[in-house]
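# Observations on the model geometry
This is what each chain is made of:
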Amino acid sequence: MMRARGALWDCKMAALSGVRAAARGVLYSQSCGVWRSLGTSAAILQRQAQAESPKSEGVFPVTMIPGDGVGPELMHSVKEVFKAASVPVQFDEHHLSEVQNMASEEILDHVLGSMKKSKVALIGKIHTPMEYKGELASYDMRLRRKLDLFANVVHVNSLPGYKTRHNNLDLVIIREQTEGEYSSLEHESAKGVIECLKIITRAKSQRIAKFAFDFATKKGRSKVTAVHKANIMKLGDGLFLRCCKEVAELYPKIKFDTMIIDNCCMQLVQNPYQFDVLVMPNLYGNIIDNLAAGLVGGAGVVPGESYSAEYAVFEMGARHPFAQAVGRNIANPTAMMLSSANMLRHLNLEYHSTMISDAVRKVIKVGKVRTWDMGGYSTTSDFVKSVIDHLHPHYGA
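This part takes up the packing of aromatic side chains. This structure, assessed with the given rule, holds six aromatic pairs. Ring geometry for Y307 against F314: centres 6.2 Å apart, planes inclined by 85 degrees, an arrangement best described as edge-to-face. Here Y307 and F314 have matching classes, each one buried. Taken together, F150, F211, Y307 and F314 form an aromatic cluster joined through their ring pairs.

If you want it as structure tokens, here you go:
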């Protein structure tokens with residue numbers, strides 16, 4: 001009898017231990033942050049979003065913010081291509097614009113609510129007015145801060161069939177975009193004297209450096225270059241540089257070097273092939289993004305993306321509203337279409353991503369359809385129609 005009771009007691013204790021272990025596992029999974037910046041958990045997040053959404057099964061919800069300038073026209077182009085390719089995505093569209101008087105805390109809250117459900121967004125350039133109206137941080141900056149979109153990634157890649165001064169370029173620019181000169185900390189300390197604070201922290205510098213090395217590791221890149229101005233800003237940029245060096249020691253298989261920002265600009269123009277992955281603070285990244293985009297064709301052809309631990313936002317690599325082209329049907333949709341294709345890859349929709357990116361590249365390679373920024377006379381509609389025509393082979397047409 002005693003042996004039977006002892007055996008029963010052992011069984012109960014084993015079962016209780018199993019329950020406790022399972023509970024610890026659940027608590028651990030809930031408390032641990034997961035780095036989703038390269039799309040490793042996109043499918044899981046999207047399945048959760050679908051389970052909470054009344055939308056049809058198998059359709060991925062995506063937040064869309066058309067933005068200003070030609071943004072709405074480019075988004076329309078993406079919608080047309082997605083429809084032709086039968087992409088299983090449903091856009092939740094929100095208009096956030098300071099210049100069109102469509103910016104408020106209420107609208108911002110709606111956008112954030114949509115992002116919490118979808119985890120993924122496709123956005124156009126939200127133009128920031130230069131006039132000071134009592135608030136230093138623009139709605140675009142506030143949105144990125146609330147989502148903690150700390151890493152901006154721009155892949156500068158030459159397009160076959162479109163010749164520029166430098167061809168066969170393939171480099172990646174990674175920019176920290178939550179602090180630096182964009183901290184919105186300015187004040188007039190004395191009449192005619194403005195102080196503008198640049199914030200550099202160890203935590204965020206280490207985070208962006210680790211992101212850059214993780215990116216290089218996952219993508220098979222061989223070198224990371226930290227861009228700085230530590231010779232002048234010895235404390236601020238000096239801290240950023242030290243953090244990059246510390247992180248680099250953890251990745252012995254990846255070559256690491258450093259370069260001062262002014263020299264980097266010159267080297268990009270003279271010999272951009274020496275670069276692989278570049279990581280830098282906020283303002284330098286904004287400038288280098290646009291400079292590098294110019295090497296392969298301009299703002300109209302370079303896609304970009306921004307990541308936090310939970311969210312992913314896809315956009316043009318060189319953020320430009322191109323206001324002078326509004327309503328003229330001349331904007332180049334290449335960058336936005338390639339960004340949307342990257343978004344589909346993030347969602348693990350590899351087939352649709354490849355279909356669209358291949359179609360865009362084929363249109364450019366053939367060279368019969370060129371928007372004006374690429375030296376041609378074709379309209380945005382002409383380009384979209386040609387992309388859709390090049391989708392057909394994938395359907396066996």
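Counting buried positions along strand β12 (residues 312-316) yields five of five residues, so the element is predominantly enclosed. Bridging between strand β3 (residues 120-123) and β12 involves three bridges; their strand directions are parallel. Its bridge partner lying in β12, V120 is registered against A312. Sheet topology note: the strand β11 (residues 303-307)/β12 ladder contains five bridges and is antiparallel. Considered in β12, the bridge of Y307 is made with A312. Here β11 folds back onto β12 in antiparallel fashion, the turn holding four residues.

A few words now on the environment of V313. Within the secondary structure layout, V313 lies in strand β12. The class for V313 is buried, based on a relative accessible area of 3%. Once you skip the residues sitting within four places of it in the chain, V313 turns out to touch M115, A121, I123, L149, G304, E305 and S306.

Looking now at the nonpolar core. The biggest cluster of nonpolar side chains holds 96 residues, and the ones touching the most others in it are V89, I174, V279, M343 and I356. In contact with I174, not counting residues within four places along its chain, are N152, V153, I208, F211, A212, F215, V277, L278, V279 and M280. Listed in part, the 15 residues of the second largest apolar core include I65, L96, A121 and I123.

Calculation criteria
Residues numbered from 1 in each chain as written. Predicted model: local features only at pLDDT ≥ 70, side-chain atom pairs only at ≥ 80, totals over all residues. Heavy atoms only, no water. Phe/Tyr/Trp six-rings, centres within 6.5 Å; stacked < 30°, edge-to-face > 60°. Buried < 20%, exposed > 50% of the residue type's maximum accessible area, 1.4 Å probe, protein only. Helix = DSSP H or I, 4+ residues; strand = E, 2+ residues; numbered from the N terminus. Pairing = 2+ DSSP bridges. Contact = heavy atoms within 4.5 Å. Core = buried A, V, L, I, M, F, W, Y, C linked by side-chain atoms within 4.5 Å.

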